[in-house]
Amino acid sequence: MRELPGRRKSSRAMDKTVDWNSESRAGGTALAEKEGWELGKACEDPVPPKACLLLHTHMPYVRLNGDWPCGEQWILEAWAECYLPVWELVQDLAEGKTRGKLALTLTPILAEQLRDPYLENRFRGYLLNRIRQAEEEVARLTGLGERERAQLARHYRDHLRELLRRFEERFRGRMLSLLAEAADSGKVEVLASAATHAHLPALRSPTHAKAQIAVGLEEYRRLFGREPEGLWLPECAYCPELDDVLSRFSPPLVYVVLDHSAAPDSSRPRLLGNTNLVALLRDREAHQLVWTETGIPSRGPYRDYCKRDHQGHGFQYWRVTSLETPLDHKEVYRPQEAVEQAKNDAREFAQHIERRLNSLGKGESPRPGCVLEGDDRGLRFLLAAYDTELMGHWWWEGPIWLREVLSLMEPILELPARVARRANHGELETISPRETTWAPEGDFSPWINPKTSSLLKTLHLLQRRFLRCLRSATAKKALDPFLSHRTLAQAGRELLLLQSSDWPYMVSRDSAAGYSLERFKAHAERLSLLLDLLEKGDGKGLRETLPRLEHLDNPFPFLHPGFWESEWASSGHADAE
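Below is a short write-up of the structure. Residue numbers run consecutively from 1 along every chain, following the written order of its sequence. Local features in a predicted model are, by the rule used here, given only for residues with pLDDT of at least 70; side-chain atom pairs are given and counted only at 80 or more, and totals for whole chains, interfaces and linings are based on all residues. Each side-chain value is worked out from all heavy atoms of the structure, with water and hydrogens disregarded.

## Comments concerning the nonpolar core
Point 1. The definition of a nonpolar core used throughout is a set of buried Ala, Val, Leu, Ile, Met, Phe, Trp, Tyr and Cys residues joined through side-chain atoms within 4.5 Å. Relative accessibility decides the category of a residue: with a 1.4 Å probe and only protein chains considered, values under 20% of the type maximum give buried, values over 50% give exposed, and everything between is partly exposed. Counting 158 residues, the largest nonpolar core has Tyr83, Leu258, Trp401, Met409 and Trp564 as the members making the most contacts within it.
Point 2. The element best represented in this core is helix 3 (residues 72-94), accounting for 14 residues.
Point 3. Apart from the residues lying within four places of it in its own chain, the contact partners of leucine 258 are Leu233, Cys236, Tyr238, Leu272, Ala279, Leu280, Leu281, Arg282 and Ile431.
Point 4. Listed in part, the 23 residues of the second largest apolar core include Leu191, Tyr255, Val257 and Leu428. The way it works is that DSSP assigns letters per residue, a run of H or I at least four long becomes a helix, a run of E at least two long becomes a strand, and they are numbered from the N terminus. We call two residues in contact when some of their heavy atoms are within 4.5 Å.

## Topic: unusual backbone geometry
Point 1. Proline 69 follows tryptophan 68 through a cis peptide bond whose omega is 0°.
Point 2. Within the element layout of this structure, proline 69 appears in the loop between strand 1 (50-57) and helix 3.
Point 3. Backbone torsion omega between proline 251 and proline 252 reads 15°, so that peptide bond is classified as cis.
Point 4. Positive phi values are uncommon outside glycine, yet arginine 204 reaches one of about 55°.

## Observations concerning the pattern of salt bridges
Point 1. Definition used for salt bridges: Asp or Glu carboxyl oxygen within 4 Å of a side-chain nitrogen of Lys or Arg. Tallied over the entire structure, the rule returns 50 salt bridges.
Point 2. Across the salt bridge formed by arginine 132 and glutamate 136, the nearest N and O atoms sit 2.7 Å from each other. Placement of both arginine 132 and glutamate 136 in helix 5 (residues 117-143) is noted, with a separation of four residues, approximately one turn of the helix.
Point 3. The class of glutamate 136 is partly exposed, set by a relative accessible area of 35%.
Point 4. Close ionic contact of arginine 268 with aspartate 265 constitutes a salt bridge, the shortest N to O distance being 3.1 Å.

## Examining the pairing of strand 1
Point 1. Counting buried residues along strand 1, seven of its eight residues qualify, which places the element largely inside the surrounding structure.
Point 2. A pair of strands is considered paired only if DSSP assigns at least 2 bridges between the two. Looking at chain direction, strand 1 and strand 8 (residues 381-387) are connected through seven bridges and run parallel. When the bridges of strand 8 are listed, leucine 53 appears paired with alanine 384.
Point 3. By convention a crossover is right-handed if, when the strands point away from the viewer, the path from the first strand over the helix to the second runs clockwise. Traced from strand 1 through helix 3 to strand 2 (residues 102-106), the parallel crossover comes out right-handed.

## Points about the sheet that holds strand 5 (residues 255-258)
Point 1. Taken in spatial order, the nine strands make up an open sheet running 8-1-2-3-4-5-7-6-9, and their pairing is mixed. Each having just a single partner strand, strand 8 and strand 9 (430-431) make up the two edges of the open sheet.
Point 2. Where strand 6 (residues 270-272) lies against strand 9, two bridges are found, and the strand directions are parallel. Among the inter-strand pairings, leucine 271 is bridged to a residue of strand 9, identified as threonine 430.

## Description of the side chain of glutamine 499
Point 1. Position of glutamine 499 among the secondary structure elements: in the loop between helix 16 (481-498) and helix 17 (502-509).
Point 2. Contacts of glutamine 499, omitting those with residues within four sequence positions, involve Thr196, Ala198, His199, Leu203, His208, Gln212, Leu459 and Gln463.

## A short note on the packing of helix 16 against helix 18 (residues 513-536)
How two helices sit against one another is set out by the angle between their axes and by the gap between those axes.
Point 1. For the pair helix 16 and helix 18, the least separation of the axes is 9 Å and the interaxial angle reads 160°. Between helix 16 and helix 18, the crossing angle belongs to the class labelled roughly antiparallel. Considering how the two elements wind past one another, helix 16 and helix 18 form a crossing that is left-handed. Contact residues: helix 16 offers Ser484, Thr487, Leu488, Gln490, Ala491, Glu494, Leu495, Leu497 and Leu498, while helix 18 offers Phe520, His523, Ala524, Arg526, Leu527, Leu530, Leu531 and Leu534. Simply put, an axis is a line fit to the C-alpha atoms, just over the touching stretch for a helix, and the angle between two N-to-C directions goes from 0 to 180 degrees. If an angle is under 35 degrees, it is roughly parallel; if it is over 145, roughly antiparallel; if it lies from 65 to 115, roughly perpendicular; otherwise it is oblique. Each crossing gets its hand from how the near helix is turned against the far one by less than a right angle, where anticlockwise is left-handed and clockwise is right-handed.

## A short note on the packing of aromatic side chains
Point 1. Under the pairing criterion, centres of Phe, Tyr and Trp rings, with the six-membered ring standing for Trp, must be within 6.5 Å; the plane angle then separates stacked pairs below 30 degrees from edge-to-face pairs above 60, leaving the rest tilted. Counting across every chain of the model gives 22 aromatic pairs.
Point 2. An angle of 55° between the planes, with centres 4.7 Å apart, marks the rings of tyrosine 220 and phenylalanine 224 as tilted. You can see tyrosine 220 and its partner phenylalanine 224 sitting in helix 9 (residues 206-224), four residues apart, about one turn around the helix. Accessibility assignment for this pair places tyrosine 220 and phenylalanine 224 in one class, buried.
Point 3. Considering the side-chain rings of tryptophan 232 and tryptophan 438, the 5.2 Å spacing of their centres and the 70° angle between planes classify their relative orientation as edge-to-face. With tryptophan 232 in strand 4 (residues 230-232) and tryptophan 438 in the loop between strand 9 and helix 15 (453-476), the pair connects residues that are 206 residues apart, well separated along the chain. Accessibility assignment for this pair places tryptophan 232 and tryptophan 438 in one class, buried.
Point 4. Within the aromatic cluster, the residues linked to one another by ring pairs are Tyr156, Phe315, Tyr317, Trp318 and Trp396.
Point 5. To sit over a ring, a charge needs its Lys NZ or Arg CZ within 6 Å of the ring centre and within 35 degrees of the ring normal. It is lysine 307 that lies over the ring of tryptophan 318; its NZ or CZ is 4.3 Å from the centre.
Point 6. Over the ring of tyrosine 305 we find arginine 308, and its NZ or CZ is 5.5 Å from the ring centre.

Structure representation (structure tokens):
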């Protein structure tokens, strides 16, 4: 888990006009009729601006790859603190128990882990252990005469017991099916994403970028029984070289999410480069209101994330107090005061967004100094997007705040797919930024820099070797076809895991850098071993090696070499860098 960067600078964007192809226009017409819209209305009448709330839910593959402090502990903490509270909110939205609309991403590699029986058992054990630790804390703090903290330990114990009960009764074995049911309700939208959250431009290969998206879309279809409309580009990373890749998936894709650094005005849907995809941009101000050093979660009554009681079991007993308060002088956390603060802050946030939408409806600039271009009568929106881990992990009261915000903002909320459909049959300006991400500077530097150069060099060499081996194994058929197919599938898994954007990011930020380097090296070695044995035609070695690696790294059971086989692979274009 990692924190989002803060402020970003805008990069220059080039606007141009292109025509829709007939297939996209036909799809837009059908969607418009289905939704009851009149074609051309977007150009004739102003459309009331809408707000979209989106949570990006991602976790790298940690199953059987380390435990504590780096590894499975990450997903177990996030499951308890973020996923269960958010899933409960999602279910309540779907059942009409709370008001609002919510979009969220669920990266394929996280989805694979949330339905893994081994990790489900680990999670149950994690909760049982934390309950035991909370009970020990009650006894320890009572013995020390610290009544206020002892009461807080009881609060944690009761909360953990309730989490365990809800997990066993409602969510165990149903995390994905409940999300699919919520998507069917029309109150929740789930976006697709690339298989292992790879920074696609950093791959420097259209074949491998295509495989990442193709695997991600196949995972989505299998989980949700439908085609996705939206794609979350990992790290919101885009460059024009991705246009050909993205165009291959539109349809079914209708839109992608980009960072506000992609264009001066993020409140307008745009046409993305030489594609038929609508680009929806994150709103900078919505980000700054919440996830910066001085944002809403930094207010005094909220639970302090940094200070833990390491003399006990690491529970967090203190409130933020103030940004200037040293850790040794933090005041004891009072849950009810924090709940009231969350509700007040939700009202303040909702009112702020509503005022901004009203100003957009009047054709005003979304922020000072922003120069608007073209006709102001088109569709406008604000997309507030946050990492799901903000809701409960970094900000303990985040799920309470979010539930209140969704209810208060219901009249002005819309799902991003509907915004994109509505925009898709109006006239759109085109953006094609040289590069954009949601990094602080809006560039690729957190993933591509001197610290990561050796990792990327190794990755690119192994990518080319994998494609050569794939073509060779397909042509020569030196091994038993089933064994060859099985080996290439496992090699593909190791390659997808190697491509995760998390490893270079953590190296760049010196955040669990040792763990990320170990993980990168481990997947590179596993991939190299499989390719060595495949190139040698060593059937005996493969039969001994495959079961161990298939147990260790088991996502995407449907994987097969065809995800990498295309005109790029056969022509050698994928190897050109």
